[in-house]
Amino acid sequence: CEACKVGYYADAPGSDECTSCGRGKYGAGIKVGPTSEIEGCADCSAGKYSDREALTSQGDCTRCAAGLWSNIRGATKDSQCLNCEAGRYGVATGQTSKLEACQACSRGRFAGIVGANDSSLCQACPAGFHQEKEGSAFCLPCNPGSFQPQSAHRNCVACAQDTYSSNASRTTPC
């Protein structure tokens, strides 16, 4: 008889073949010649997944990409990695929580896409618009009576005394 190699186990006495550790698992090497999945296999950790069988180490599990995260142990497909929401981005791989994975776009900027993987995807609010909150998916137009001539601003400028504007998104002084 031969012992099953790492990533495999024999679940019945007298087996003529070894069974591979399933997707989302890897050969834990806890015991030589494991006789059950529990003895021979372990779940890929949170922030990782495996859509393949018979992995031999935790390092063979695939990390969730930047802009994605997962708190699921034993994930079996990349779709179990969740996107950072619009207005946020992630730069590190293998993250296990939304809080650690997803950083907010700064004030005066926005990201209208989910799963952004770089801060450069946080775009500046154009002239005539503003955003005073971090982590926004959109910019707001300047209200009538205000304007903003520059991009990437947190707020709009009120029209000077004795002037007015009834236009929204104004880019020039009233």
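These notes cover the structure that comes with them. What you see is a predicted model, and the numbers here were worked out from it, not measured in a lab.

### Description of the overall build of the chain
- Looking only at helices and strands, the chain features 2 helices and 16 strands.
- Compactness check: the chain gives a C-alpha radius of gyration of 26 Å against a globular reference of 16 Å for 174 residues, more than 25% above the reference.
- Over its C-alpha atoms, taken along the principal directions, the chain stretches across nearly 95 × 20 × 15 Å.
- Burial statistics for the chain: of 174 residues in total, 33% are counted as buried.
- Long-range contacts, defined here as pairs at least 24 residues apart, represent 50% of the contacts in the chain between residues at least 6 apart.

### Details of the side chain of Ser45
- Inspection of the secondary structure assignment puts Ser45 in the loop between strand E4 (41–43) and strand E5 (48–49).
- Residue classification places Ser45 among the buried residues on the basis of a relative accessible area of 18%.
- Setting aside its immediate chain neighbours within four residues, Ser45 contacts Gln58, Ile72 and Arg73.

### Some details on the pattern of salt bridges
- Per the stated rule, a full pass over the model turns up 3 salt bridges.
- As a salt-bridge pair, Lys25 and Asp43 come within 2.6 Å of each other at their nearest N and O atoms. Residue Lys25 is located in strand E3 (residues 25–27), and its partner Asp43 is located in strand E4; the two are separated by 18 residues in the primary sequence.
- A salt bridge links Glu85 to Lys98; the shortest N-O distance between them is 3.7 Å. Highlighted residues: Glu85 in the loop between strand E8 (82–83) and strand E9 (88–89) and Lys98 in helix H2 (residues 98–101), separated in sequence by 13 residues.
- On the basis of relative accessibility, which here comes to 40%, the residue Lys98 falls in the partly exposed class.
- Counted as one network, the salt bridges with shared partners bring together Glu85, Arg88 and Lys98.

### Points about unusual backbone geometry
- Unlike most non-glycine residues, Ala54 shows phi in positive territory, near 65°.
- Mapping Ala54 onto the fold places it in the loop between E5 and strand E6 (62–63).
- Residues other than glycine seldom take positive phi values, yet Ser169 does so here, at roughly 60°.
- Within the fold, Ser169 resides in the segment after strand E16 (157–158).

### Comments concerning the layout of surface pockets
- Empty space within the largest pocket amounts to approximately 220 Å³.
- For the lining of the largest pocket, the per-class residue count stands at 8 nonpolar, 4 polar and 3 charged.

Parameters and conventions
Residues numbered from 1 in each chain as written. Predicted model: local features only at pLDDT ≥ 70, side-chain atom pairs only at ≥ 80, totals over all residues. Heavy atoms only, no water. Helix = DSSP H or I, 4+ residues; strand = E, 2+ residues; numbered from the N terminus. Rg over C-alpha atoms; globule rule 2.2 N^0.38 Å. Buried < 20%, exposed > 50% of the residue type's maximum accessible area, 1.4 Å probe, protein only. Contact = heavy atoms within 4.5 Å. Salt bridge = Lys/Arg side-chain N within 4 Å of Asp/Glu carboxyl O. 1 Å grid on protein atoms, 1.4 Å probe; cavity = no way out; pocket = protein on both sides within 12 Å on 5 of 7 lines; lining within 4 Å. Points joined across faces, edges and corners; volume = space filled by probe spheres on them. Nonpolar A, V, L, I, M, F, W, Y, C, P; charged D, E, K, R; others polar.

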